[in-house]
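Report on the structure
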Amino acid sequence: MKVLVTCPPMLKAIDQLRYLFEEKGIELVTPNVVQVLSEDELVELVPTVDAWIIGDDPATERVFTAGKAGKLVAAVKWGVGVDNVDFKACEKLGIPISNTPRMFGNEVADMALAYFTGLARESYLVDREVRKGNWIKPPGMSLEGKTVALIGIGDIGLATARRLKAFDVKINAYDPFTKLTPAEANVDQIVTFPERLEDADFVILTCALTPSNYHLINAESIAGMKDGVIIINVSRGPLIDEQALTAALLSGKVRSAGLDVFEVEPLPIDSPLRQFEQCIFGTHNGSNTREAVIRASLKAIDLLFGFLNIK
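Residues numbered from 1 in each chain as written. Predicted model: local features only at pLDDT ≥ 70, side-chain atom pairs only at ≥ 80, totals over all residues. Heavy atoms only, no water.

**Overview of the overall build of the chain**
Regarding its fold elements, the chain presents 12 helices and 12 strands. For a compact globule of 311 residues, the expected C-alpha radius of gyration is about 19 Å, and the chain comes in at 21 Å, within 12% of that figure. Taken over the C-alpha atoms alone, the chain extends approximately 60 × 50 × 30 Å along its principal axes. The burial tally for the chain puts 52% of its 311 residues in the buried class. Total accessible area on the chain is roughly 14700 Å²; 52% of this is exposed by carbon and sulfur atoms. Taken together, the 32 basic and 41 acidic charged side chains of the chain have centroids lying 4 Å from each other. (Helix = DSSP H or I, 4+ residues; strand = E, 2+ residues; numbered from the N terminus. Rg over C-alpha atoms; globule rule 2.2 N^0.38 Å. Buried < 20%, exposed > 50% of the residue type's maximum accessible area, 1.4 Å probe, protein only. Areas by Shrake-Rupley, 256 points an atom, 1.4 Å probe, with all protein chains shown as cover. Lys, Arg positive; Asp, Glu negative; His and termini not counted. Charge placed at Lys NZ, Arg CZ, Asp CG, Glu CD.)

Okay, structure coming up:
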């Protein structure tokens, strides 16, 4: 039996996990993956394995159809986000599949707070200038009393809200699917997007990507924000229309942005976002801590072995 792993964080920790497969007589297939494999690469590779632990790869109907025509019998999406995986295709093809929910709320929230404080005090910009031999002292922003628009109050959003409350900020939360009360979510109020968006000093995106919120942050929604707003995205890149964000950064409507995710990843070398020194960019790495990677990988393996009836 062969199991394919294409999730980069899990691949980096694979030596700590290999024994779990070896003791079951399972052969691991571990290609070199920087971010994702292409659809064409997956169409060639997936049919040769019995099961697949998926990263952010394009797990499309075409890939699963090819897999079903070969050996593939089960799959697990490593992590929380599932927008890259065609679950309906799996259902149609009879391929059992699951993600690993509620694995990274605290870790991604920690990253959101790093951007939150770093952008408020421009600490990243100061670091860059000190390394160049400069000694700058930009005036920062006090956080007490500021308003945060928190978009999404699932596992990551709730963890972010808990942390934000320590800064004595007001939190307006947005989540059309939540059944929580504001008190349960640790926010001041839960409103309908884009209600009260004009009050926000910070807009923090912690929601899943769905067809209904693609480019939720666009020219229209940005126009309704406060001048000098700061935008942070630790969720999925396509939640933001990067063309509209670029224009808003150029005009000063948006003061700065902290982006761990982008519409195209890795961020293209010719992306106009690269010109903005006041912004902080990541590598879609918010969940990647040693502890969380092992936790999520063990969960993915447990789910996969369950699908394969391996005791």
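The structure having been displayed, the exposition proceeds.
**Concerning the sheet that holds strand 1 (residues 2-5)**
Two pairing modes exist for strands in a sheet, parallel and antiparallel, and in both the strands are linked by backbone hydrogen bonds. Taken together, the 5 strands give an open sheet; going across it, the order is 2-1-3-4-5, and neighbouring strands pair in parallel fashion. Looking at the sheet topology across the chains shown, the edges are occupied by strand 2 (27-29) and strand 5 (97-99). Each strand axis lies, on average, 15 degrees off the axis of its neighbour in the sheet, ignoring direction. Note that strand 1 and strand 2 share 3 bridges and pair parallel. Among the inter-strand pairings, Lys-2 is bridged to a residue of strand 2, identified as Glu-27. Taken strand by strand, helix 2 (residues 14-22) contacts strand 1, strand 2 and strand 3 (51-54), and its axis lies near 145 degrees from that of strand 2. Packed on one face of the sheet, helix 12 (residues 290-307) meets strand 1, strand 3, strand 4 (74-77) and strand 5 and runs near 160 degrees to strand 4. (Pairing = 2+ DSSP bridges. Axes fitted to C-alpha atoms, helices over the stretch in contact; angles between N-to-C directions. Contact = heavy atoms within 4.5 Å.)

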